[in-house]
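Residue-level listing of the chains:
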Protein chains: 4
Amino acid sequence: MSFPAEFLAIAKRVNNWGRWGSEDELGTLNLITDEVARAAAATVRTGRRVPLALPLTQQGVQTGLIPGRVNPLHSMVAINWQLFGPDTVATSDDVVTMALQAATHWDALPHVSHSGHIYNGRPADSITAHGGAAFSAISAIPHIVSRGVLLDVARARGVDRLPVDHAVVPEDLEAAEELAGTRVRAGDIVLIRTGHMRLYLSGDRTAYAMPSPGLSIRTPEWFHARDTAAVATDTLTFEIFPPEIPNAWLAVHALHLVEMGMLQGQNWNLEPLSTACAEQSRYEFLLSAMPEPFVGATGTPVAPVAIF
Amino acid sequence: MSFPAEFLAIAKRVNNWGRWGSEDELGTLNLITDEVARAAAATVRTGRRVPLALPLTQQGVQTGLIPGRVNPLHSMVAINWQLFGPDTVATSDDVVTMALQAATHWDALPHVSHSGHIYNGRPADSITAHGGAAFSAISAIPHIVSRGVLLDVARARGVDRLPVDHAVVPEDLEAAEELAGTRVRAGDIVLIRTGHMRLYLSGDRTAYAMPSPGLSIRTPEWFHARDTAAVATDTLTFEIFPPEIPNAWLAVHALHLVEMGMLQGQNWNLEPLSTACAEQSRYEFLLSAMPEPFVGATGTPVAPVAIF
Amino acid sequence: MSFPAEFLAIAKRVNNWGRWGSEDELGTLNLITDEVARAAAATVRTGRRVPLALPLTQQGVQTGLIPGRVNPLHSMVAINWQLFGPDTVATSDDVVTMALQAATHWDALPHVSHSGHIYNGRPADSITAHGGAAFSAISAIPHIVSRGVLLDVARARGVDRLPVDHAVVPEDLEAAEELAGTRVRAGDIVLIRTGHMRLYLSGDRTAYAMPSPGLSIRTPEWFHARDTAAVATDTLTFEIFPPEIPNAWLAVHALHLVEMGMLQGQNWNLEPLSTACAEQSRYEFLLSAMPEPFVGATGTPVAPVAIF
Amino acid sequence: MSFPAEFLAIAKRVNNWGRWGSEDELGTLNLITDEVARAAAATVRTGRRVPLALPLTQQGVQTGLIPGRVNPLHSMVAINWQLFGPDTVATSDDVVTMALQAATHWDALPHVSHSGHIYNGRPADSITAHGGAAFSAISAIPHIVSRGVLLDVARARGVDRLPVDHAVVPEDLEAAEELAGTRVRAGDIVLIRTGHMRLYLSGDRTAYAMPSPGLSIRTPEWFHARDTAAVATDTLTFEIFPPEIPNAWLAVHALHLVEMGMLQGQNWNLEPLSTACAEQSRYEFLLSAMPEPFVGATGTPVAPVAIF
């Protein structure tokens, strides 16, 4: 098995290694300048806020298909404990164990490597068990706040959810831009709605897992041309899965994370956002999607919020 | 041991039970209306963003003093794993175990009970091991976005950090308001800087733990009068510790969480924020401090961001 | 819903509260005297050793049916880490998160309570989140070594595995005793083979979980009459499940753990033991089944070994 | 930094690679034949049983010195939960997170590598995050039951505990053999008591950690000559620490685990055993020290028991 020629050709065209210097660890997040963030805040009109994270629970989206990627396990280490004696205040404390890529999350750039490298040409073996990722770990990112744009592909195509074999192509993105009434610009965080999340929300996490609609291998060049800062979807696999091209496993992951240095989000619940955007006929908003700064981690749960 | 009379008298004056209905689970977060959030976004001038979370690591602020409250433990379940065969993309996955109140966090309202009750008069025994908190769990909160105001008490008092026995009183808050050039208003999230975090940042987590400066039992009435939505500090204990009044253990916790239904944050790193505010002579900002929606949890790590 | 009359009648007859004093935490393990252990060692003839634990892995017997009872999750915190510099020895370290009742395990006596009590009349609310079980925790048991007797009910009944609706009754136990050529006596640890484990071993953990053959509510009196020290089975549910008597949920658990104070084991892999016993025509052996001394725990994984 | 010449010379003399075939994963455990186990059981005289594990708790021996090696964290996922409705039995369930090398444990052979290899010449990089150790993992060991011999060096030297800079040399082992009245023979598991555990038991885990008395680099040849099956000690570091020879970090680990393929145990509580042996004037016993079969793990907690 090896990388298809088409993959290698696209990789060359979208590669951002060195673009922000040989020491850079942030990739396309560099595109979110203060001015971009300021303009993003200026989109706020009503103060309505829409959260985008799924609840963190054992009933989360993981099915056991991906080894080690466990749903959050919540347990108690104290319940109404009167630590200071009888008739004093009582405290309750919780502990959680979870895979960082299990729920609504960001993949950090080193989550994927190919041909021995991660983003910016760093060696893949700079990721270790004792230290995690030495470069571009999620903890290297100070903040993720920018303009968010919902590209509601399902709504633009007139369906509740895309068929499971639908590869989202640039034409879909542009149809959704048309619906949105705004054009994706440099530094934006683009949220792609397929509607596939409805399967999970209706209780069928097995069907949600895969097969899944998702981004086509033709989209990285589109995001590259638009200087998108980050992309998130409402699916487990992010890209169409199984892949469009035989053996091109996680090709979009590799192009985004390794070649472009562009963060990607998965399992974002875009259903309430879709409703909110349609009600307001506005598909742009201020998006805050702060990573939890787990040192050395290759991903993080995230609780994004869209502010209209 | 029992509750001091002073505590009970204040409790009566600041009590918010029933104020937002007998079914309410949000407490003072109800004060963050769309209009408050809209006005908060309107404070953004430059797009500068300042993150407020400490790194999540085994070297976190916990010392073992509080049983079960463990620093985050990060481990790997996959490193450059070629799941799809040789010469394919490789993935890395992480797992974490942590106490939800260990690092920069929000306490949910049921984190503390007293006299058998949590906020809004719900029974304390509605918190269970299998379900966590049945009411006012962190997962019941859809979003936390409002105007943030830094009350930089240390700077207002002309010191790098307050002495460890300094109880922050209303006069301190008002001196900091004076410095800030803004008055705390309904729905604000107030960040109280003592400078005590410098001890941890300099490597001394034992000294950071306690004794600690922090809020006086006189401050809940001040926050109540101002209709503050939430309060966070740069200390482990939030309130002055050991307490000002003998046996009044965690009295401010009990007044805020149980009586007022007001969220509180701890271990927020306000040092870079203090610098940013002083540089810009602006102590107000848009604050996004989204809880991770752990179902049933009595707290959550949080990665807050101030947007100027 | 309440306890069936039949349950209450049996409970009265098998109750051991106070039998070893009001402070006792060990229950029927008291029956394993030094003399019993000495005699058990004297059964050893060949030195052949047969292990009885299932591998500890994410692919364990848990299906998600029992909330919070997660299969072991293994991850790495160091892999070939040269902590002392280049060209030194390198170390690998592991971390695990698991439910203590997830795999081959012992239930400690307080794992089950009924009518507000655990074994020896202790209050059920002596189990807390911060301390675990205050009485009869698994850590209170110094050792579990005695004569083991395999009652191979499946083999005695001439089947590979019992039908899923087969309640194992005293007549089954006695048929297995006949096959074993030994009579169960005071202080023995009795292992009951149903053959149901074959479903899990063949890859079908859903079928293994339930419905399941298992002990009938008629067996506790038999074990009580024989002064059995502990009982383990090759099923997830231990007793017949769903129960024989409507609403008598986990009735055998309650009789064994609460009334008799008798430890019980689940998910023991008795297939290789069955083969070994049949080959040697010997169904008695020295059994070491040491609990891991988790302080305050209501159960423990166990790696039992039969020595012939 | 590189390996001292003395280390390399000893390594050559004690190397067991290929001794039990090129596919072997068990090393010196091969020396525990059925006959050895049978003879071990024949040492039992009284049935007295002595457990050797420390309690598993957050107050365990780990101090944070070794990154990622966390003491066991016990929490509850159910407490008296009436899963089947009111007035039914109630169940309590526990979860634990722990480092497998944190407490009383066995190191599996791949816990240490040097010069790119683990036992039997296998490549060190056969240990991965997703699979753990591919060879000689703790789960590859079916059972550990043999004759145990306590070499009570502290008692033989007339002290409660050895000085922290005492390297245990072959002469110490032979003085302890003299005291024991038995000679270590092929297949034995040898327990070396330094008395250093008294520091931990008295509450001082910092002093217990290091400096520590322990095995000298001269002892592996002694164990090799005696065909010892496994060795365990009552210290955290197993060998003298800091090492006798500059830069010979964990030299005994490397000789035992990598060269000889001999399992080693640490943090075994040998104090009650020392008392029991002295009282009975017998230092040999049947030892059961079964590993928990964590798939792919490089170590395991163990609850050993000595049966007299």
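Report follows, based on the coordinates.

It takes a turn of 180° to lay chain B on chain A, together with a shift of 0.0 Å along the axis; the resulting RMSD is 0.0 Å. Here the copies are linked by what is in effect a two-fold axis. For chain B, the minimum C-alpha distance to the rotation axis belongs to Thr97(B) and amounts to 2.1 Å. Looking at chain B, 100% of its interface residues are interface residues in chain A too, so the copies touch through the same face.

Along the chain, the position of Ser75(A) falls in strand 2 (residues 73–81). Between the C-alpha atom of Ser75(A) and that of Gly203(A), which follows or precedes it by 128 residues, the distance is 23 Å. Among all residues touching Ser75(A), those that are not within four sequence positions of it are Asp93(A), Asp94(A), Val95(A), Ser75(D), Met76(D) and Val77(D). Of the polar contacts made by the side chain of Ser75(A), one reaches the side chain of Ser75(D); its length is 2.6 Å.

Okay, the sheet that holds strand 14 (residues 284–288) of chain D next. Sheets are built from strands paired through backbone hydrogen bonds, the pairs being either parallel or antiparallel. All names here are of chain D. Strand order in the open sheet formed by 9 strands is 1-16-14-8-10-12-13-4-15, with mixed pairing between adjacent strands. The open sheet has two edge strands with one neighbour each: strand 1 (49–51) and strand 15 (299–301). Across the sheet, the mean angle from the axis of one strand to that of its neighbour is 25°, orientation sign disregarded. The pairing of strand 4 (residues 105–107) with strand 15 spans 3 bridges and is classified as antiparallel. When the sheet's bridge partners are listed, His 105 is paired in strand 15 with Pro 301. Across the sheet, helix 2 (residues 34–41) is in contact with strand 8 (145–152) and strand 14; its angle to strand 8 comes to roughly 60°. Contacting strand 8 and strand 10 (189–193), helix 4 (residues 170–180) crosses the sheet at an angle of about 105° to strand 8.

With 12 residues of chain C at the contact, the number on the chain A side is 12 residues. At the boundary of chain C with chain A, total buried surface from both sides reaches about 1,100 Å², with 68% on carbon and sulfur atoms. Looking only at chain C, the three residues that lose the most surface to chain A are Leu73(C), Ala129(C) and His130(C), adding up to 44% of its buried area. Connecting chain C to chain A are 0 salt bridges. Scanning the region where chain C abuts chain A turns up 4 residue pairs in polar contact (both at pLDDT 80 or more). In terms of residue count, the dominant contributor to the side of chain C that touches chain A is strand 2 (residues 73–81) of chain C (6 residues). A breakdown of the residues in the side of chain C that touches chain A according to their chemical character gives 8 nonpolar, 4 polar and no charged.

On to unusual backbone geometry, then. Following Met210(B), the chain continues to Pro211(B) via a peptide bond in cis, the omega torsion being 0°. Here Pro211(B) lies in the loop between helix 6 (205–209) and strand 11 (214–215). The peptide bond linking Phe241(C) to Pro242(C) adopts the cis configuration, its omega dihedral lying at -5°. Phi at Leu250(A) takes a positive value of approximately 50°, unusual for a residue other than glycine. Here Leu250(A) is to be found in the loop between strand 12 (230–233) and helix 8 (251–260). According to the relative accessible area criterion, Leu250(A) is buried, its value standing at 11%. Even without being glycine, Ser115(C) reaches a positive phi, approximately 55°.

Residue and element names in this part refer to chain B. Most of strand 2 (residues 73–81) sits out of view: 9 of its 9 residues are buried. As paired strands, strand 2 and strand 3 (residues 90–99) are joined by 6 bridges and run antiparallel to one another. The residue of strand 3 that forms the bridge with Trp 81 is Thr 91.

Residues and elements named next belong to chain C. When helix 1 (residues 5–14) is considered as a whole, its buried residues turn out to be Phe 7, Ile 10, Ala 11 and Val 14. Along helix 1, the residues classed as buried sweep out an arc of 105° about the axis, all on the same side. Those residues of helix 1 that are exposed and angled more than 90 degrees off the buried face are Ala 5 and Lys 12. Its buried side turned inward, helix 1 meets helix 7 (219–226) and helix 8 (251–260).

All names here are of chain C. Reading across the sheet, the 9 strands line up as 1-16-14-8-10-12-13-4-15 and stay open at both edges, with mixed pairing between neighbours. Sheet topology places strand 1 (49–51) and strand 15 (299–301) at the edges, where each strand pairs with a single neighbour. Along the sheet, successive strands turn relative to each other by an average axial angle of 25°, direction set aside. Along the sheet, helix 8 contacts strand 4 (105–107) and strand 13 (263–266); its crossing angle with strand 13, the most-contacted strand, is approximately 135°.

The next thing to look at is the side chain of Arg49(D). With respect to the helices, strands and loops of the structure, Arg49(D) is situated in strand 1. In terms of polar contacts, Arg49(D) uses its side chain to reach the side chain of Asp34(C), at 2.8 Å. Once you skip the residues sitting within four places of it in the chain, Arg49(D) turns out to touch Ile32(C), Thr33(C), Asp34(C), Ala37(C), His143(C), Val145(C), Val305(D), Ala306(D) and Ile307(D).

Attention now goes to the interface of chain B and chain A. Chain B puts 85 residues into the contact, and the matching count from chain A is 85 residues. Taken together, the two surfaces of chain B and chain A that pack against each other cover about 6,900 Å², and 64% of this comes from carbon and sulfur. Run the count over chain B and chain A and you get 4 salt bridges. Residue Arg69(B) is joined to Asp93(A) by a salt bridge in which the shortest nitrogen-to-oxygen separation is 2.7 Å. At the junction of chain B with chain A, the criterion picks out 32 residue pairs in polar contact (both at pLDDT 80 or more). With 10 residues, strand 3 of chain B is the largest single contributor of residues to the side of chain B that touches chain A. Across the side of chain B that touches chain A, the residue classes break down as 50 nonpolar, 23 polar and 12 charged. Where strand 5 (residues 112–113) of chain A lies against strand 3 of chain B, 2 bridges are found, and the strand directions are antiparallel. Across the sheet, Val112(A) pairs through a bridge with Thr91(B), a residue of strand 3 of chain B.

What counts as what
Residues numbered from 1 in each chain as written. Chains lettered and ligands numbered in written order. Predicted model: local features only at pLDDT ≥ 70, side-chain atom pairs only at ≥ 80, totals over all residues. Heavy atoms only, no water. Least-squares fit on C-alpha atoms with pLDDT ≥ 70 in both. Contact = heavy atoms within 4.5 Å. Helix = DSSP H or I, 4+ residues; strand = E, 2+ residues; numbered from the N terminus. Polar contact = N/O pair within 3.5 Å; in protein donor to acceptor, adjacent residues only side chain to side chain. Pairing = 2+ DSSP bridges. Axes fitted to C-alpha atoms, helices over the stretch in contact; angles between N-to-C directions. Buried area = accessible area lost by both parts, 1.4 Å probe. Salt bridge = Lys/Arg side-chain N within 4 Å of Asp/Glu carboxyl O. Nonpolar A, V, L, I, M, F, W, Y, C, P; charged D, E, K, R; others polar. Buried < 20%, exposed > 50% of the residue type's maximum accessible area, 1.4 Å probe, protein only. Arc of directions from axis to C-beta.

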